[in-house]
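This is what each chain is made of:
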Amino acid sequence: MGHQPGAVAKRGSNSGCSAIQSGTLAYMSLYPKDSTDGVLRLGNIVPDFEADTTKGHMRFHKWKQGKWAILFSHPADFTPVCTTEIASLATKYAELVDMDCKVATLSVDPVTAHDEWLKDVIAQHTDGKISIDFPIIADPNRDISTAYGMIDPWSSDRQDLPLTIRCVFIINPENKLMLSLNYPACVGRNMTEIVRCVKALQLSYQKSVATPANWPDNHSEVVMPDGTTSKEYKGSVFLLPTVTDKEADKYYPGYYTSPVPSEIPYLRLVKPEQVGLAPTNKKGVETKSGKEKHYGAFSWFSKKNTSKHRMKVNAVKAAA
């Protein structure tokens, strides 16, 4: 029933659940949708704003059109690292559009400076054959930068007109912040990693899975219980603890539970081709019958379903 030979014992199932919660709903339910102290955090609805851009006037939430979006800040126009970053982001733009993800960048410079600087951005690129098709937002009054926490605290204390740090915000269709990255001015960002993050977030938005370290290049070899090595799990993902074994057997057949010394069956790998078998809807809830049910995050850890496993976890921690 969905396990490779020699896999450890399965956890108890909760047959009363009528829907399988996506990774997004499971994890985001841990965070409030509104900030309680003015600091933008994961799960919060991102601030809306109006601004002038290189593509015209923008109202951010309306511009998003209920899609995924990346908001990407850079410290200043006519600076070396920022110039390479915008060019590199431009090479990934078509791929992001294909993923239904919008892109906007921002600095504190005015639109006139953006327009002049983009000539340099295009000219310095390897073959000069890129175009900047996403808007660059002007934030000369620092209102947007302040609302999103982009202003470097060190700069704020020492400069009359501080610059933004290098920020990346990935925002889901409900305008919730799903991921944020902060870089200092001296370190340029890796656009391949940003695209990877969007892919991982979109997968978790639709499926009850989480992506391991280095995904999709993870688990290139998995040692099976009989000592043989399998290469079939490269790019695999983990099932969330909220997925019962009954649900896993039905929607993710062929998943493999890695045996570990603790004997806690939490490392449940699903091959890439198996992930697409579970039905999904637009709200990120995998359904069995079309009837949605949003149940609490990590319900697998409730006493009713997993008292024996929870006791085992506590025993392992106490012995550590």
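Scroll up to find the structure.
Note that the structure is predicted; figures quoted are calculated from it, not measured.

Colleague: Got a minute to help me understand the packing of helix 3 (residues 80–98) against helix 4 (residues 111–124) in this structure?
Modeller: Helix 4 packs onto helix 3 with a crossing angle of 70° between their chain directions and a minimal axis gap of 9 Å. Relative to helix 4, the element helix 3 is oriented roughly perpendicular. Within the contact between the two elements, helix 3 uses Cys82, Thr83, Thr84, Ile86 and Ala87 and helix 4 uses Trp117, Leu118, Asp120, Val121 and Gln124. Among the residues forming the contact of helix 3 with helix 4, the class breakdown is six nonpolar, three polar and one charged.

Colleague: Honestly, the pairing of strand 3 (residues 56–59) in this entry has me stumped. Any pointers?
Modeller: Taken residue by residue, a regular strand's side chains alternate between the two faces of the sheet. The pairing of strand 2 (residues 50–53) with strand 3 spans four bridges and is antiparallel. Within strand 3, the position partnered with alanine 51 by the bridge is methionine 58. Counting the residues that bridge the hairpin from strand 2 to strand 3 gives two residues.

Colleague: For this particular structure, what's the right way to read the sheet that holds strand 13 (residues 256–257)?
Modeller: Pairing between the strands of a sheet is mediated by backbone hydrogen bonds and can be parallel or antiparallel. One open sheet holds the four strands; their spatial order is 9-12-14-13, and the pairing between them is antiparallel. Looking at which strands have only one partner, the edges of the open sheet turn out to be strand 9 (209–210) and strand 13.

Colleague: Whenever I open this one, the layout of surface pockets confuses me. Can you help?
Modeller: A probe as big as a water molecule, rolled over the atoms, marks out the empty space that is left. If you add up the space inside the second largest pocket, you get close to 200 Å³. Taken together, 13 residues make up the lining of the second largest pocket; nearest its centre are Val39, Leu40, Tyr148, Gly149 and Phe169. When contributions to the lining of the second largest pocket are tallied by element, the ones reaching two or more residues are helix 5 (143–147), strand 7 (166–171) and strand 8 (177–183). Among the residues forming the lining of the second largest pocket, the class breakdown is eight nonpolar, five polar and no charged.

Quick notes on the rules
Residues numbered from 1 in each chain as written. Predicted model: local features only at pLDDT ≥ 70, side-chain atom pairs only at ≥ 80, totals over all residues. Heavy atoms only, no water. Axes fitted to C-alpha atoms, helices over the stretch in contact; angles between N-to-C directions. Helix = DSSP H or I, 4+ residues; strand = E, 2+ residues; numbered from the N terminus. Parallel < 35°, antiparallel > 145°, perpendicular 65-115°, else oblique. Contact = heavy atoms within 4.5 Å. Nonpolar A, V, L, I, M, F, W, Y, C, P; charged D, E, K, R; others polar. Pairing = 2+ DSSP bridges. 1 Å grid on protein atoms, 1.4 Å probe; cavity = no way out; pocket = protein on both sides within 12 Å on 5 of 7 lines; lining within 4 Å. Points joined across faces, edges and corners; volume = space filled by probe spheres on them.

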